[in-house]
Amino acid sequence: MSSRFEFLGSTSLGQFIPRDSWFHARDPRARLISFFIVFTALIFTPGKWGLLLGIFFVIGLYSLAQLPVKSTLRGIKKALPFILILAILQILFYQRSDNASPLLEVFGFVITNAAVDSALNLIFRFLVLILLLNAFVMSLSTSQLTAALFHLLKPFEKIGLPVNDLTMVVQVTMRYLPLIAQNAEKTAKAQAARGADWEQKGFNPIKQAKRVIPLIVPLIVTSLKRAETMAVAMESRGFNAAHKRSSFHSLRYTWQDGLLILVSFLLSSLMLFSGAIF
Amino acid sequence: MTNLISIKNLSFRPTPYPVEKPDILQSINLEIEDGAFIAIIGRNGSGKTTFLKHINGLLAPTGGKVEVAGLDTSKLENLPELRSLVGMVFQNPADQIVASTVEEDIAFGLENLNLPSKEIQERVYEQLEKADLLDEAKRPPHLLSGGQVQRLALAGVLARQPKIILFDEPTSMLDPLTRDAFLDRICKLHRAGMTILYITHHMEEAILADKIVVIDQGRIFLSGEPEEIFNQEKLLHEIGLDIPEAAKYSQSFRDLGFSIPDNVYTSEALLAVLPEYQGEKQYNKLKSPNGRSRKILIDMENVHYTYLAGSPLAKKALQGADLKVHQGVIQGLAGTNGSGKSTLLQHINGILRPSEGKVRVGSFAVDDPDTSLQEIVKNVGLVFQNPETQFFESFVGDEIAFGPKQFEMDNIRDRVKNAMTLVGLDFEEYKGRRLETLSGGEKRKVALASTLILDQEILLFDEPTAGMDPKSRNELLALFKELQRQGKTILIASHRLDESAEITQAFTIMKSGRVVRTEATHDLLFNNQLIRDAGLSVPLIIQIVQRLRQNGWPIEECECLGIDHLINAMKEWV
């Protein structure tokens, strides 16, 4: 039985799975760019052919990076009700053109072929996005992510972008989220130990919300306090944004990384222009 | 020759700050040589940490001057060089970890020096090896043990190769074995030439230094070699401090007429000079007082619990723990960090429910998920470790009244008043104070009152004395006795046996998620092997009694749990 106080377990952090695969061996910058390109293409691809290509890409990625499918499917199961609701809304409120042929009529709602089509597209798009997002979390560690961001943004320092500060913000956030989860756990336990009703009996969203509200203020206060101590600790270890910083990770870019980006780029272009091609 | 650190007439007051309050630091003068090891002691809130923060320029003096290696710490342009010279390890090590993996955290300070990646990697791996953290290099810091986090914090500082390291009570969160290892490391650094400033509440740690500086109310009260300082017992008592246990005991033995030399400050030194018994009396091992057939109030059998069960981060915390606690006793629960003490306590008040096993508390079947948590809480109080970090109200009165409000009790005002009186806080003076304006000791009292106000039959305390100065610690022990007199059953978890030995009737030892033994305090404390196997240290008083018995003294069981009892018993035979 898992405890109702284990907030740490419900954060999707630290899901990085180190593997000895070709994909994992690629430069984090190349992986980040590839994910970025494919994400964009998935969001903007017009029709089912593009999505189909996206599915091929995701399947290829999972097998290439040796990622487990099971935990991802669990994630999909949680999201499924929401996606279905969205799909139904999409069907019911689909903007109809006048010459569309009605498929059937329910309670005064006219349902068209095009509406069903677009709902299916929506479901597919979300599923592929979830698969890709999970692949992203599992194959790029937070440290690789910050290192990649740092090096990718570095050229923009010249035009006055505070790259040090930005990557530091990402890094500290990553460090902070589990701390906040732990803090929430402590405060919730302290409240429960003094009589606050933290027991989950049945489904009662109002009661649930009522329980969370008294957590929020103390959580913000303790987080700010911790942030203050952390700022002092950072200062005492020589962090001073005005100065130049270097990076622990030395990244090496090879032709194979270029290949990864090229493949992602070609695939994404196909997805985006699939409407015109097929 | 100029000294490495030179402090002249330093005073400090923060802004904004109430006019009527005196400066936090007042005209401090101190010269520290290169390679010195200085211990700084003083009561909670005496200004020790504020003082330390002036050495690396985290704070700038509002009066006087601080110079480190000729650098004026109040000048902004000196800060980068100053921070390279001076490293700092904080009280709560988790607060100074910045990155999301161990290796990157060590690298953080080096990235700030703008070193090339290759050199950073070399230095990081050198420190990982020295700190014995190689296997943890890629783990997130929040999943390390307390000892590991403290080693990581030190590694992050050492990687920058400072000349001076400031420590702010670095051992207060560590269990005895980890603490000894950490102190050992510090002594080695000192021998290698590092200059060390070390704040501590433990006089046994202060002895290790070349020089002790005593701070009280923002001033240097005393300073000198450990021997000089600890010869001033009376003065130290005046400001709420104490001399090392071994020194205290030596004095008691001297008063008894034994010839104990001066300058006995460590356990080893004292044990070596204890005298032989010359009399006739024989030592008879008595059976410890038994047979009080009290009701069993807490009954746990084969309790299992796993944190984050089913995830890759799953951690087994309890693996078949058994515990019985009789009504009306004070029972100690000892074990190293990570042995499962806190998890066990949280099973007694129903915050956690076992994945397997039996938990009965009074008439409650806590293992049954249908047993209401609120009903259990009405009967079982739990004060968490560092409870002052879990406040959620703004004012003292509201914080303490939280519990009774949840249960819609009547006469809340009177209840708050009684609870505050019990812990020694004046109701009129404190009820309207904002929590953040309180000192650490006062906050701890508020936290105690906010649990005691529910007047539960069973009270659980998790490391209640951690980070307390000797005076506050004694007040707390007296409070426990008073609660027992009122008929409460009390369970105190701690990684130290000596602090609660005097007031407990029974002791339970835990190791790796299991209860190793529960016994009458007398019996258990003399089981050196058992104690050491569990990673704990044998209290000094017990070591003394054992040595005295070896030397022929006929000391009986009931006479040895406090120095006063022991001395009284021995008076008869001298």
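This one's a predicted model, so the numbers in the text were calculated from it and none came from an experiment. (Residues numbered from 1 in each chain as written. Chains lettered and ligands numbered in written order. Predicted model: local features only at pLDDT ≥ 70, side-chain atom pairs only at ≥ 80, totals over all residues. Heavy atoms only, no water.)

Digging into the overall build of chain B
In terms of regular secondary structure, chain B is built from 23 helices and 20 strands. At 25 Å, chain B has a C-alpha radius of gyration in line with the 25 Å of a compact globule built from 574 residues. Overall size of chain B, expressed as C-alpha extent along the three principal axes, is 70 × 65 × 55 Å. Residues classed as buried in chain B amount to 57% of the 574 residues present. Within chain B, contacts between residues at least 6 apart in sequence are counted, and of these 64% link residues at least 24 apart. When the accessible area of chain B is evaluated, it comes to approximately 23700 Å², of which 46% is carbon and sulfur surface. Within chain B, the 80 negative side-chain charges are centred at a point lying 2 Å from the centre of the 63 positive side-chain charges. (Helix = DSSP H or I, 4+ residues; strand = E, 2+ residues; numbered from the N terminus. Rg over C-alpha atoms; globule rule 2.2 N^0.38 Å. Buried < 20%, exposed > 50% of the residue type's maximum accessible area, 1.4 Å probe, protein only. Contact = heavy atoms within 4.5 Å. Areas by Shrake-Rupley, 256 points an atom, 1.4 Å probe, with all protein chains shown as cover. Lys, Arg positive; Asp, Glu negative; His and termini not counted. Charge placed at Lys NZ, Arg CZ, Asp CG, Glu CD.)

Concerning the overall build of chain A
Along the backbone of chain A there are nine helices and two strands. Going through the 278 residues of chain A one by one, you find that 43% of them count as buried. The long-range fraction of contacts in chain A, counting pairs at least 24 apart against all pairs at least 6 apart in sequence, stands at 80%. Put simply, chain A shows about 15300 Å² of open surface, and 70% of that area lies on carbon and sulfur atoms.

Overview of the sheet that holds strand β15 (residues 364–365) of chain B
Residue and element names in this part refer to chain B. Judged by pairing direction, the sheet is antiparallel, and its four strands sit side by side in the order β12-β11-β14-β15 without closing on themselves. Where the open sheet ends on each side, the last strands, each with one partner, are β12 (315–326) and β15. Where strand β11 (residues 296–307) meets strand β14 (residues 356–361), five bridges bridge the pair, whose relative direction is antiparallel. Bridged to Glu301 within β14 is Lys358. With respect to the sheet, helix α12 (residues 341–348) is in contact with β11, β12 and β14, its orientation differing from that of β11 by roughly 120 degrees. (Pairing = 2+ DSSP bridges. Axes fitted to C-alpha atoms, helices over the stretch in contact; angles between N-to-C directions.)

A closer look at the domain arrangement of chain B
Quite often, the size of an interface is put as the accessible area lost when its parts meet. Residue and element names in this part refer to chain B. Partitioning chain B into structural domains gives domain 1 (5–240), domain 2 (244–275 + 539–574) and domain 3 (296–536). Distance from the C-alpha centre of domain 2 to the C-alpha centre of domain 3: 32 Å. With 11 residues of domain 2 at the interface, the matching set in domain 3 holds 10 residues. For the domain 2 and domain 3 pair, buried surface summed over both sides reaches about 940 Å², with 67% attributable to carbon and sulfur atoms. Here domain 2 is connected to domain 3 by zero salt bridges. Viewed at the interface, domain 3 and domain 2 are joined by two residue pairs in polar contact (both at pLDDT 80 or more). The element best represented in the side of domain 2 that touches domain 3 is helix α22 (residues 540–550), accounting for four residues. (Domains from an automatic or database assignment. Buried area = accessible area lost by both parts, 1.4 Å probe. Salt bridge = Lys/Arg side-chain N within 4 Å of Asp/Glu carboxyl O. Polar contact = N/O pair within 3.5 Å; in protein donor to acceptor, adjacent residues only side chain to side chain.)

Structural notes on the interface of chain B and chain A
With 71 residues of chain B at the contact, the number on the chain A side is 51 residues. Of the roughly 5400 Å² buried between chain B and chain A, counting both surfaces, carbon and sulfur atoms make up 53%. For the chain B face of the interface with chain A, the top three residues by lost area are Asp95(B), His142(B) and Phe392(B), together amounting to 12%. Taken together, chain B and chain A are joined by three salt bridges.

Here we look at the nonpolar core
One finds Ile348(B), Ile400(B), Phe461(B) and Phe480(B) to be the most contacted residues of the largest nonpolar core, which totals 78 residues. Per-element accounting of this core gives the leading share, six residues, to β11(B). Once residues lying within four places of it in the same chain are set aside, the contact partners of Ile400(B) are Arg194(A), Val416(B), Ala419(B), Met420(B), Val446(B), Ala449(B), Ser450(B) and Ile453(B). The next biggest cluster of nonpolar side chains, apart from the first, holds 39 residues, and it includes Leu271(B), Tyr277(B), Leu540(B) and Met570(B). (Core = buried A, V, L, I, M, F, W, Y, C linked by side-chain atoms within 4.5 Å.)

Some details on the side chain of Asp242(B)
Looking at where Asp242(B) falls in the secondary structure, it is placed in the loop between α9 (233–238) and α10 (245–255). Of the polar contacts made by the side chain of Asp242(B), one reaches the side chain of Lys248(B); its length is 3.3 Å.

Thoughts on the packing of aromatic side chains
Residue and element names in this part refer to chain B. All told, the structure shown has 13 aromatic pairs over all chains when counted by the stated rule. Pairing Phe37 with Tyr198 gives two aromatic rings, centres 6.2 Å apart and planes at 70 degrees, and the pair type is edge-to-face. With Phe37 in strand β3 (residues 37–41) and Tyr198 in strand β8 (residues 195–199), the pair connects residues that are 161 residues apart, well separated along the chain. Considered together, Phe37 and Tyr198 belong to a single accessibility category, that of buried residues. Consider the rings of Phe230 and Tyr265, whose centres lie 6.0 Å apart with planes at 45 degrees: the pair is tilted. Taken as a pair, Phe230 in helix α8 (residues 226–230) and Tyr265 in the loop between α10 and α11 (267–272) lie far apart in primary sequence, 35 residues in all. (Phe/Tyr/Trp six-rings, centres within 6.5 Å; stacked < 30°, edge-to-face > 60°.)

Brief notes about the pattern of salt bridges
All names here are of chain B. Taken as a whole and judged by the stated rule, the model has 38 salt bridges over all chains. The shortest N-O distance in the salt bridge between Lys188 and Asp184 comes to 3.7 Å. Placement of both Lys188 and Asp184 in helix α6 (residues 176–191) is noted, with a separation of four residues, approximately one turn of the helix. Two residues, Glu388 and Arg444, come together in a salt bridge whose shortest N-O distance is 2.9 Å. Of this pair, Glu388 sits in the loop between β16 (380–383) and α14 (396–406) while Arg444 sits in helix α17 (residues 440–452), and the two are 56 residues apart along the sequence. Judged by its relative accessible area of 8%, Arg444 is buried. By sharing partners, the salt bridges in this structure join Asp299, Glu301, Lys324 and Lys358 into a single network.

Let's talk about a nonpolar patch on the surface
The grouping of Ile85(A), Leu86(A), Leu89(A), Phe93(A), Phe107(A), Phe109(A) and Phe126(A) at the surface amounts to a nonpolar patch, some 740 Å² of accessible area in total. Here the nonpolar patch takes three residues from helix α3 (residues 70–92) of chain A, the largest share from any one element. (Patch = residues over 30% accessible without salt bridge, like charges linked within 9 Å, V, L, I, M, F, W, Y side chains within 5 Å.)

Digging into helix α15 (residues 412–423) of chain B
All names here are of chain B. Its 12 residues give α15 an end-to-end C-alpha distance of 17 Å, which sits within 8% of 16 Å, the value for a rise of 1.5 Å per residue. When we look at burial in α15, the residues that qualify are Val416, Ala419, Met420 and Val423. The buried residues of α15 occupy an angular sector of 100 degrees when projected down its axis, which confines them to one face. Exposed and oriented more than 90 degrees from the buried face of α15 are Asn418 and Thr421. Gly424 sits one or two residues past α15 and shows a positive phi near 85 degrees. (Expected span 1.5 Å × (residues − 1). Arc of directions from axis to C-beta.)

Digging into the environment of Ala206(B)
Residue and element names in this part refer to chain B. With respect to the helices and strands, the residue Ala206 is situated in helix α7 (residues 203–206). Along the primary structure Ala206 and Ile243 are separated by 37 residues, whereas in three dimensions their C-alpha atoms are 9.9 Å apart. Non-local contacts of Ala206, meaning those with residues more than four positions away in its chain, are made with Ala39, Ile41, Thr200, Ile212, Pro226 and Phe230.

As for helix α5 (residues 146–158) of chain B
Residue and element names in this part refer to chain B. With 13 residues, α5 should cover 18 Å at 1.5 Å per step; its first-to-last C-alpha distance of 18 Å lies within 8% of that length. Extensive coverage of α5 is indicated by the burial of 11 of its 13 residues. Every buried residue belonging to α5 is among Gly147, Gln148, Val149, Gln150, Leu152, Ala153, Leu154, Ala155, Gly156, Val157 and Leu158, and all of these are buried. Contacts made by the buried residues of α5 are with β6 (86–89), α3 (102–111), α4 (117–130), β7 (164–168) and α6.

Thoughts on the packing of helix α1 (residues 28–44) of chain A against helix α4 (residues 113–139) of chain A
Residue and element names in this part refer to chain A. One can describe the packing of α1 onto α4 by two numbers: an axis separation of 10 Å at closest approach and a directional angle of 170 degrees. As judged from the angle between their axes, α1 and α4 are roughly antiparallel. Residue-level contacts link Arg31, Leu32, Phe35, Val38, Phe39, Leu42, Ile43 and Phe44 of α1 to Arg125, Val128, Leu129, Leu132, Leu133, Ala135, Phe136 and Ser139 of α4. By residue class, the composition of the contact of α1 with α4 is 13 nonpolar, one polar and two charged. (Parallel < 35°, antiparallel > 145°, perpendicular 65-115°, else oblique. Nonpolar A, V, L, I, M, F, W, Y, C, P; charged D, E, K, R; others polar.)

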